[in-house]
Structures are given as C-alpha cells and as structure tokens.
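Structural features, examined
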Amino acid sequence: MEKPGLLPLLDARLPLTEEGVAEAARLAGVSLAQAWGVVRYYPRYGEVREGRYLVDDPVARARGIGSLLEGTVGTHPPLGLEALAPAYVRVEGEERWVEVGGRAEPFATFRLPFALGHGRKLLPPEPTDTLEAYRAQGGLRALEAARKGDLTPEALLKAVEEAGLLGRGGAAFPTHLKLRAVARGEAPRYLVANGDESEPGNFKDRFLLEHHPFLVLEGALLAGFAVGASRVYLYIREEFQAAIRGLKEAIGALEEAGLLLVPTEVFQSGGLYICGEETALLESMEGRRAEPRLKPPFPVEKGLWGRPTAVQNVETLAAIPRILEGLEAWRREEPKLFSISGDVAAPGLYELPLGTPLGEALRRAGGEPEGLKAVLLGGAAGVFTRDFAFPLRYRERLPLGAGAVVAFGEGVDLWAVLEGLAHFFQEESCGKCFPCPLGTTVQLALVQRRVRDARLVEDLASTLKGSLCGLGQSAYWAYRSLLEVEGAA
Ligand code: SF4
C-alpha cells in the first residue's frame, strides 16, 4: 500500500485508547479529527455489550424473531449463516463465538460445514485448503504456466472474454472489460478481491474463502498478473476470521513455492454492508469512512490511491483458473454458485449451470416449489417471487444478485421477513446522500404498518431511485415485489 492505511493501524491497537488512536492517526498521516471520524463510523471500533445476539437474517425472521430474541441482548447483522439459522453470536470480553444448534465455536476457528457445499468445479468435492490438496486436484497449473511464460496476460484475458464471464457479485459486468481497462491504465495498478460478502442470504464467498482459499488466491493472482498489478489485496469481511487466517497461510505457502506472482496481502474489511460497494470499499482501504464515490471516474481509471484498480468478486476470481483449465467445458456448463436456504430439506451451497429454472434449483436442495409461499431471490437487494420457471441467469426479468435463494413455506409471515430487510437497509444506509436515509426510514415505517398501497410504494421508489449507489437504488425492490406476489400491485 502506498501509505499505511488507517484501518489496519487501528486494528493493531484494539481495544482502542485515546493514545492508540492518536498514534494510528500520526502513522497514517491523517488528522486526529479524521481518525476519530473513522473510529466513530465503524461499529467494530465501538464498545460492544457482552451477551448473546441473534443473527438477524431472512431465515431467522421467517422462523419468528420474537421468540428467537429471548435471552439475547440484541441482533447481529447477517453473517452468511442462513443455512444454519437460527444462529447466534456470543460476545465475551474480546472473544466472539458463533452459536448454532446449541454448539459454540470461536470466530477464530468457525467455518461453514464443508458438507453444505455441492459442486465440482467451483466447489471441488474435497477440501482444497492446503497447497498439496489443491495441487492434487489439478490446481495451480495456470499459475505455473504464467510463471514459466507459457501463459501470457493477453491469452488469459482472451480466455476470460471467450468464456463470457460476468461478475458474480451481482452487477454482472463483463469481467474481461474491467480487467482490460485496468491493464490499459498507467502503473501502478491494483487488483482487489472483494470478499466483503454481507448480502442477507448469501454465503458463497464465505464458503469459498474458508474451504478453497487456494482457488480464490490463484484466481486473484492470475487476474493481478493479467492487469499487471503491482499488488493484490484480498479485502475480507472482518468477521470471517478463519478465512483470513487460511488466506494468510495460503499466501505464505504460495510464496514458498515461488508462485506468488504478485505481492499479495489481506485487508480486513470495515465491517459494514456498504463496504461491499466497490468505491466504498476503496474509501475504507484508504482509511476513510466507507462512503461510495461519485462515478465516473470508475475505479478502473481512478481506484485505490487514485490508481487503476480492478475490484472483483471472490467467485468471479475463483472462476478464472477453472476457465483456463478448459474453456469449452466452462462454456457448456457456465457454473454459478447459489446459496439456498430457508424451507428446503437440504439448505446449502449449490453449483448449478446458469439458466437452471428456479424450481429445479429448489428441488436440488430438497425443496418443493409447490409447497412454498414465495422465494426471496437475490438477497435484500432482491425480489420475492413465485415464478419457479424463472431461469437463473443474469440480465433477465428478475435480479439474480449474487445468487441468494431463500425459500419460504406456506406458514411464513412474509411481512416479517420484509420488515427485517427494511430494517437492514435503514441501518446500513451510510447517510452520504439524501434520498437513501430518508427513503429507507420511510420504507421501514410503511412496512411496519403493513401498508399495501402500491402508489405509495411507487412514490417511495421514485425517491430511492435518486440515491447515489445501489444500496438505496435497490432498497424498495423487495417491498414492491411482495405486493406483486400478493396480487396487490
Ligand atoms: S445510497 Fe445510501 S448507502 Fe449509497 S451513498 Fe447514498 S446514503 Fe450511502
């Protein structure tokens, strides 16, 4: 990093004292006022009350949050634990624990159960969390070819282009266009892997990072190699402590094997939903509040420290080694990860070809579409639907987002689920632009009163559409879609 970022300096001084903040500010070269502005912004620098917190995700809401809250001191934002819901976080002094089904495990070692993953390419059937295991399953060949000069950046970019890979974080932007734009920019250039997965209902990146760190790392290094990056950053959600440790070990192992083609480091995310927005992510890396930037300029032109930067989702990067292994096979299958949870017999992570009908995806997870009231597709920034014939692919009528599918049975109170989403948006709005905090606050009040007036929702939508970033712009989608599902629109 060109300058020491403020967040890592603060992290190294937890629990924070006045002296610690002053020292971090001095080392980062920022004013004390800026440092305190950052400390007050990110919840992880604030005081956390000890006790048990319910992980407030759509599945917990569907189960009835009232009774689940008994014996807790509050709620915790979603953590990618929907397949295990209801889940709790216990805070004891400096320690945090995940509690699922009566069993508790520290954040430092907790990983999603491997058995939740079902796939072949992006989710190998065996764990690949050691260099030997990853190599034994065919990994590292592309990285080795790049090191030997048998794979050029142009050949790599061409393969990604021919694969038609679209960004898997939700925006579905063609990956090769982003990489090429950065590769054309002036050095130094950067590659950032966005592992700040915070969308309710999604746990694909968490799973990849926890069980297949070498796959993600190989993809990030190959992308970094393709754009001529001087550094690769793995921006990982701070709560994914086991993943962070695993990635650091994987970086060390690749360095020892002479395969770390680009200097690489892990950056712990700011710990807010908005940190997943690519420009907010860059702001947090530069030591400021995670508030989205006005675009243009786009990060491919002016990204980290003002340099050309490719910010790519973890699953997108994991796809790159698989594409290079066999372009034709990739194009035939076009695998995509879907996080399926809620009222299905086998919630988990499913690797399915793009275009799989929603009903079939649900059946793969042991769900019966006929017995469902609705599905939340795409997470909080998604929609309720009963269109089980809908083909799960990008640029269709319904937003796929990052691939979250939450199923709700006939007995579920969908308004309770919607209230959870409205609460989530209102809490996570960063406050930088006017329409979003206003619109999300009004939305929460309307949803709490169960207002079914489609005209009012359209008014709300016209306000939120004027928001600066995707958080505000998509905040009403679930509300409007629930009225459609109920036939009230
Ligand atoms: S839309 Fe919301 S989250 Fe995005 S910049 Fe505006 S206030 Fe912040």
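Figured I'd write up the structure that's included with this text.

Here is what the cut-offs are and how they apply
Within any chain, residue numbers begin from 1 and follow the written order of that chain's sequence. A pLDDT threshold of at least 70 governs which residues receive local features in this predicted model, and a stricter bar of 80 or more applies before side-chain atom pairs are shown or counted, although totals over entire chains, interfaces and linings include all residues. Just so you know, side-chain values use all the structure's heavy atoms and leave hydrogens and water out. Only DSSP runs of H or I with at least four residues qualify as helices, and only runs of E with at least two residues qualify as strands; both kinds are numbered from the N terminus onward. When DSSP finds two or more bridges between a pair of strands, those strands are recorded as paired. Whenever a helix is involved, its axis is fitted only over the stretch in contact; in every case the axis is a line through C-alpha atoms, and angles between N-to-C directions fall within 0 to 180 degrees. In this analysis, two residues are considered to be in contact whenever any of their non-hydrogen atoms come within 4.5 Å of each other. The cut-offs for exposure are 20% and 50% of the maximum accessible area for each residue type, with area from a 1.4 Å probe on protein chains only; residues under the lower value are buried, those over the upper are exposed, and the others partly exposed. Consider the strands pointing away from the viewer: the crossover is right-handed when the path from the first strand over the helix to the second runs clockwise. The scheme is simple: roughly parallel for angles under 35 degrees, roughly antiparallel for over 145, roughly perpendicular for 65 to 115, oblique for anything else. Amino acids are sorted into nonpolar (Ala, Val, Leu, Ile, Met, Phe, Trp, Tyr, Cys and Pro), charged (Asp, Glu, Lys and Arg) and polar (every other residue, Gly among them). A residue counts toward a patch only above 30% relative accessible area and without a salt bridge, and it is joined to like-charged neighbours within 9 Å or, for Val, Leu, Ile, Met, Phe, Trp and Tyr, to nonpolar neighbours within 5 Å. Only the protein chains shown count as cover for residues, with accessible areas throughout obtained via the Shrake-Rupley method and a probe of 1.4 Å. Criterion for a salt bridge: a side-chain nitrogen of Lys or Arg within 4 Å of a carboxyl oxygen of Asp or Glu. The nonpolar core is taken to be a set of buried Ala, Val, Leu, Ile, Met, Phe, Trp, Tyr and Cys residues, with the residues joined through side-chain atoms within 4.5 Å. We define proximity as follows: a residue is near a molecule or strand when any one of its heavy atoms falls within 4 Å of that partner. Whenever a nitrogen or oxygen atom comes within 3.5 Å of another N or O atom, the pair is scored as a polar contact, on the condition that within protein one atom can donate a hydrogen and the other can accept it, and that pairs from neighbouring residues in sequence are kept only if both atoms are in side chains. A helix is expected to span 1.5 Å for every residue after the first.

Let us look at the environment of Lys148. Along the polypeptide, Lys148 turns up in helix 6 (residues 141-148). For the pair formed by Lys148 and Pro86, sequence separation is 62 residues and the distance between their alpha carbons is 49 Å.

Taken in spatial order, the five strands of this open sheet run 2-1-3-4-5, and their pairing is mixed. Only two strands of the sheet have a single neighbouring strand rather than two, namely strand 2 (74-76) and strand 5 (103-106). Across the sheet, the axes of successive neighbouring strands diverge by a mean angle of 35 degrees, strand direction being ignored. Judged from the four bridges that link them, strand 4 (residues 95-100) and strand 5 form a sheet pairing that is antiparallel. Each residue of the ladder has a partner; that of Glu99, found in strand 5, is Ala104. Relative to strand 1 (residues 51-55), helix 4 (residues 58-68) is tilted by about 150 degrees, and along the sheet it contacts strand 1, strand 2 and strand 3 (87-92).

As a further point, take the pairing of strand 8 (residues 231-236). Among the six residues in strand 8, five count as buried, and that is most of the element. Of the pairings in the sheet, the one linking strand 8 to strand 9 (residues 264-268) comprises five bridges and is parallel in character. Counted as the bridge partner of Val232 is Thr264 from strand 9. With helix 11 (residues 241-256) bridging strand 8 and its parallel neighbour strand 9, the resulting β-α-β unit is right-handed.

Another point: the packing of helix 9 (residues 204-211) against helix 10 (residues 213-227). Axis separation between helix 9 and helix 10 bottoms out at 5 Å; the angle between their running directions is 100 degrees. Viewed along their axes, helix 9 and helix 10 adopt a mutual orientation that is roughly perpendicular. Taken together, the residues of helix 10 that come into contact with helix 9 (itself represented by Leu208, Leu209, Glu210 and His211) are Pro213, Leu215 and Val216. Partitioning the contact of helix 9 with helix 10 into residue classes produces five nonpolar, one polar and one charged.

With that out of the way, let us pick up a nonpolar patch on the surface. A cluster of nonpolar side chains, Phe434, Leu438 and Val442, forms an exposed patch at the surface whose accessible area comes to about 300 Å². Topologically, Val442 is positioned in helix 17 (residues 435-448).

According to the stated counting rule, one finds 38 salt bridges in the structure shown. Of the charged contacts, one joins Glu278 and Lys295 as a salt bridge, the two residues approaching to 3.7 Å between their closest N and O atoms. Of this pair, Glu278 sits in helix 12 (residues 278-285) while Lys295 is found in the loop between helix 12 and strand 10 (309-313), placing the two residues 17 residues apart along the sequence. Each of Arg168, Lys204, Asp205, Glu315 and Lys336 takes part in a single network of salt bridges with overlapping partners.

With respect to the helices and strands, Leu352 occurs in strand 12 (residues 348-353). Separated by 99 residues in the primary sequence, Leu352 and Val451 place their C-alpha atoms 37 Å from one another. With residues up to four places along the chain from it excluded, the contact list for Leu352 reads Glu334, Pro335, Lys336, Phe338, Ala361 and Arg364.

What follows concerns the nonpolar core. Membership of the largest hydrophobic core comes to 77 residues, with the highest contact counts inside it found for Leu81, Leu191, Leu234 and Leu254. At eleven residues, helix 10 tops the list of elements feeding residues into this core. In terms of nonpolar packing, the next biggest core, distinct from the first, is built from 68 residues, Leu10, Tyr41, Val59 and Tyr235 among them.

This brings us to the site of the ligand. Neighbouring residues of the ligand: 14 residues in total, closest Cys430, Gly431, Cys433, Cys436 and Cys469. Elements represented by at least two residues in the shell around the ligand include exactly helix 17 and helix 19 (470-474). Of the residues in the shell around the ligand, the class split is nine nonpolar, four polar and one charged.

Among the twelve residues that make up helix 13 (residues 314-325), ten are buried, leaving the element largely enclosed by the rest of the structure. Within helix 13 the residues assigned to the buried category are Val314, Glu315, Thr316, Leu317, Ala318, Ala319, Ile320, Pro321, Arg322 and Ile323. Where helix 13 starts, the residue carrying a side-chain oxygen 2.9 Å from the main-chain nitrogen of Glu315 turns out to be Asn313.

Now for helix 11. Taking 1.5 Å per residue as the helical rise, helix 11 with its 16 residues ought to reach 22 Å, and the 23 Å between its terminal C-alpha atoms agrees with that figure. Within helix 11, the full set of buried residues consists of Ala242, Ala243, Ile244, Gly246, Leu247, Ala250, Ile251 and Leu254. Looking one or two residues beyond helix 11, the residue adopting positive phi is Gly258, at roughly 75 degrees.

In most cases, non-glycine residues show a negative phi, while peptide bonds are predominantly trans. Of note, the bond from Ala187 into Pro188 is cis; its omega dihedral lies within 30 degrees of zero at 0 degrees. By secondary structure assignment, the location of Pro188 is in the loop between helix 8 (175-184) and strand 7 (190-195). The omega angle of the peptide bond from Lys295 to Pro296 is -5 degrees, so this bond is cis rather than trans. Positionally, Pro296 belongs in the loop between helix 12 and strand 10. One non-glycine residue, Glu334, adopts positive backbone phi at about 40 degrees. Glu334 sits in the partly exposed class, given a relative accessible area of 29%.

Everything listed here is a matter of geometry and, on its own, says nothing about what the molecule does.
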